Amino acid sequence: MAEVTEEKVEVEVKVKEPKEPLFSKKNKKLLTDPLADNNPITIQVLGICSALAITAQLKPSIVMAISVIFVLGIGNVVISLMRNIIPSKIRIIVQLVVVAALVIVVDQVLKAFAYTLSKELSVFIGLIITNCIIMGRFEAFALGNGPWKSFLDGIGNAAGYGVLLIIVAFFRELLGSGTLFGAKVLGDPIEKTGLYAFGYENNGFMVLAPMALITVGIIIWIQRSRNKALIEDH
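Residues numbered from 1 in each chain as written. Predicted model: local features only at pLDDT ≥ 70, side-chain atom pairs only at ≥ 80, totals over all residues. Heavy atoms only, no water.

Enquirer: Quick question: what am I supposed to make of the confidence of the model for the chain here?
Expert: Residues shown with low pLDDT carry predicted positions that ought not to be read at fine detail. Per-residue confidence for the chain averages 83 on the pLDDT scale, and 89% of its residues sit at or above 70. Within the model, pLDDT remains below 50 along residues 1–15, and this stretch shows 0 contacts once partners closer than five positions in the same chain are excluded. (pLDDT = per-residue confidence, 0-100. Contact = heavy atoms within 4.5 Å.)

Right, dumping it as structure tokens:
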């Protein structure tokens, strides 16, 4: 009697995992975390130089914030798309080329449509190339994640950087010059109208670079006072 051997063929059924929504909870955190508990300036202590240098007025701070959002958002996507073909030995050079190309685009647009503001920002637009926030996100996130997540991470971190610039610039221009966007909002200090009629005087120290550092320090103190988890143990 012949023995019949039955061969069991295992059929692997691949169950497709549901695609993660574009704005899932995890993806939303990439946008919101840098605005608060993981701010690149107040928590990661990155990008301090430009925060000190250009925040004497509100307008250049907003332009710088928009510029960094563009460069980091697009740059993260480009690096993410190229991450599997970039040789590790030259990845820093490739990252610098990508960010330099985007900064040139920003610089040319500013010169074409806002030449005066471009001259006011001068070298600081070019220094976006060496901004440690941008290079840090390329290395820490874009090289290991897909384009969409990298885009959200770039926009979130750049927005967190920009929001702090705008907050610092708001108080420095208002208290230091009595203006916002160059318009007098506290009155005329020469004709003594508005608050100046009651003896108020502009604080000239606010427009100096040390006051930017003090203002950032106050924001860091307020942030850590509200969230004790951010206080580092020594």
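Enquirer: Help me out: how do you make sense of the side chain of Ser-61 in this one?
Expert: Mapped onto the secondary structure, Ser-61 falls in helix H3 (residues 58–82). The class for Ser-61 is buried, based on a relative accessible area of 0%. Within the structure, Ser-61 has its side chain in polar contact with the backbone oxygen of Ile-54 (distance 3.1 Å). When sequence neighbours within four positions are dropped, the list of residues in contact with Ser-61 reads Ile-54, Thr-55, Leu-165 and Ala-169. (Helix = DSSP H or I, 4+ residues; strand = E, 2+ residues; numbered from the N terminus. Buried < 20%, exposed > 50% of the residue type's maximum accessible area, 1.4 Å probe, protein only. Polar contact = N/O pair within 3.5 Å; in protein donor to acceptor, adjacent residues only side chain to side chain.)

Enquirer: Mind showing me how you'd approach the nonpolar core here?
Expert: Across soluble globular proteins, nonpolar side chains have a tendency to be buried as a group. Counting 34 residues, the largest nonpolar core has Met-64, Val-71, Ile-125, Ile-128, Ile-134, Phe-138 and Tyr-161 as its most contacted members. Elements with a contribution of two residues or more to this core: H3, helix H4 (91–113), helix H5 (115–121), helix H7 (132–140), helix H8 (147–177) and helix H9 (209–226). Counting residues per element, this core draws most heavily on H4, at 7 residues. Setting aside residues up to four positions removed in sequence, Met-64 forms contacts with Ile-54, Phe-124, Ile-125, Ile-128, Tyr-161 and Leu-165. Counting 6 residues, the second-largest nonpolar core is a separate cluster that includes Ala-169, Leu-174, Leu-180 and Tyr-196. (Core = buried A, V, L, I, M, F, W, Y, C linked by side-chain atoms within 4.5 Å.)

Enquirer: How should I be thinking about the pattern of salt bridges in this particular structure?
Expert: As enumerated under the stated definition, the model contains 5 salt bridges in all. Salt-bridge contacts for Glu-139 lead to Arg-91; the nearest nitrogen and oxygen are separated by 2.9 Å. Here Glu-139, found in helix H7, pairs with Arg-91, found in helix H4; they are 48 residues apart in sequence, far enough to count as distant. Residue Arg-91 is classed as partly exposed on the basis of its relative accessible area of 30%. With its nearest N and O atoms 3.0 Å apart, the salt bridge here joins Glu-201 to Lys-192. Take Glu-201: its relative accessible area is 48%, and that puts it in the partly exposed class. (Salt bridge = Lys/Arg side-chain N within 4 Å of Asp/Glu carboxyl O.)

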